[in-house]
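Given next are the chains, with one letter for each unit.
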Amino acid sequence: MINTVSSFIESKYLWEGKDNENNIKFGFFEGVNTRQHKFSLNQKGVFDCRYHKLSARVLNNKLTPELVTHFVSSLRMFIGGGMNIEKSFVFLLNQTNSLEIKYICASIVISVNSGKTLSKACEELNNKIPTIFLSVIKVSDEAGNLEEALEKIEEYYIINDKSLKAIYSSLRYPVLVAFFLVSLYLFVLLVVIPNQKHIYEFRSVELPLPTQILFTMSDALRFAWPLILSTGLCFIVAMVLLPKTRKKIHKNISDRFFDMFRKWHEPLLFATSMNLLLSTGYQIETAIELLSKDGDKKRRDIFFSIRRQLHEGKLLSETLDATKVFPPYYKEIIALSEYTGDEQSGFAKLEMIQYRLWNDVLKKFSTYIQPAMLVMISVFIAFLLYAVYKPLFSFGI
């Protein structure tokens, strides 16, 4: 038997414990005196209590694609194994290490125990659940096919999660090389150049331009390091004390990186999202409306524009040209599926095509970026060697 002792209160702590029969107990506690609260639970027969402080990030931020994939995959495994909804969420709460998933599971179980549907319980989570996940769950509540719905959601988020991880994996090598170049550059300016400079002080040989540039930058860096260090420390402190600014900067950097791949990633995301929503039972207009509420601003603007044109009476295939995001074959395949009346199969075919194309793009990017970075390193090292040793050869040392 699994039940809860307290009712849901949006609070600062989530507590977990077990009773004498080893049943899992949990609830929410608002306050600072956890010791007194633990004592009261012990009086009720709840022991081994653990308290998790719920920060604003846990309470308000949406789940990341990686956490959603973990969340959905675990639920599908538990429900497919014969557990009911309540036991599945309680077991996941007890097994996961993610505080955000613990909070979601506890909130949903308490809401379901109070008589609410799963979709209604998810809606009350302050937008932590992604729009597409919630939309599919709503239909599954009415149709009574939760396991099938979770299977579709799992497949969708696995594809999405893999595509995002592929971007990070492709960018890992250039970032490491850039870090190496910057470290080498700083070492040369702060260590090598100052040790070499005294050799040229009593010589009348004119230094080549690369050497003059290195000397100037070395002097500027050595004399300005207190200012650079203090600026860096102020930036770090500001990022810690101003979380909204930190999120904004992080989002801007992430958007710039993803803009490099948006041309290929956005069509893939569109195809997988539409395939999922249409296979669940949504109509074209409703599916586009749901997509216009999810994702970053650029993505929402794209689907808001499509949605507006659909309301004007245009077909979906006729709205894609104006977005300048989707390849020409999208229009052709969607137009054919509209003619046959089977739009879902058209998007399933597009999903397969675009996923293969996406993998090819990432493979080509990885293939070309590595030799390009090696060439960059070679040019950089050649410049340093020329700037440092050319003056030595010019006066016979």
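Located above this text is the structure these notes cover.
Residues numbered from 1 in each chain as written. Predicted model: local features only at pLDDT ≥ 70, side-chain atom pairs only at ≥ 80, totals over all residues. Heavy atoms only, no water.

Let us look at helix H13 (residues 297–311). Because each turn of an α-helix spans 3.6 residues, side chains separated by three or four positions in sequence point in the same direction. In this model, H13 (15 residues) spans 21 Å end to end at C-alpha, consistent with the 21 Å of a helix rising 1.5 Å per residue. Here H13 has its buried residues at Arg299, Ile302, Phe303, Ser305, Ile306, Gln309 and Leu310. Buried residues in H13, looked at end-on, bunch into an arc of 145°, giving them a common side. Summarising the geometry of H13, the exposed residues directed more than 90 degrees from the buried face are Lys297 and His311. Of the surrounding secondary structure, the elements contacted by the buried residues of H13 are helix H11 (262–280), helix H12 (284–291) and helix H14 (316–323). Positive phi appears at Gly313, one or two residues downstream of H13, with a value of about 105°. (Helix = DSSP H or I, 4+ residues; strand = E, 2+ residues; numbered from the N terminus. Expected span 1.5 Å × (residues − 1). Buried < 20%, exposed > 50% of the residue type's maximum accessible area, 1.4 Å probe, protein only. Arc of directions from axis to C-beta. Contact = heavy atoms within 4.5 Å.)

Attention shifts here to the nonpolar core. Membership of the largest hydrophobic core comes to 69 residues, with the highest contact counts inside it found for Phe71, Phe270 and Met274. Looking at this core, the element that brings in the most residues is helix H5 (residues 99–113), giving 8 residues. Other than its neighbours up to four places away in sequence, Phe71 contacts Phe89, Leu92, Ile101, Ile104, Cys105 and Phe133. Val188, Leu189, Met373 and Phe380 belong to the second-largest nonpolar core, a separate cluster that totals 15 residues. (Core = buried A, V, L, I, M, F, W, Y, C linked by side-chain atoms within 4.5 Å.)

Let us look at the sheet that holds strand S2 (residues 24–29). The 3 strands are arranged S2-S1-S3 in an open sheet whose pairing can be described as antiparallel. Pairing within the sheet leaves two strands with one partner each, and these edge strands are S2 and strand S3 (46–53). On average, each strand axis in the sheet is inclined to that of its neighbour by 20°, with strand direction left out of account. As judged from the 6 bridges shared by strand S1 (residues 13–19) and S3, these two strands associate in the antiparallel manner. Following the sheet pairing, Lys18 is matched in S3 by Phe47. Most of the contacts of helix H1 (residues 34–43) go to S3, to which it runs at about 150°, and overall it touches S1, S2 and S3. Lying over the sheet, helix H4 (residues 85–95) contacts S1, S2 and S3, oriented at roughly 80° with respect to S2. (Pairing = 2+ DSSP bridges. Axes fitted to C-alpha atoms, helices over the stretch in contact; angles between N-to-C directions.)

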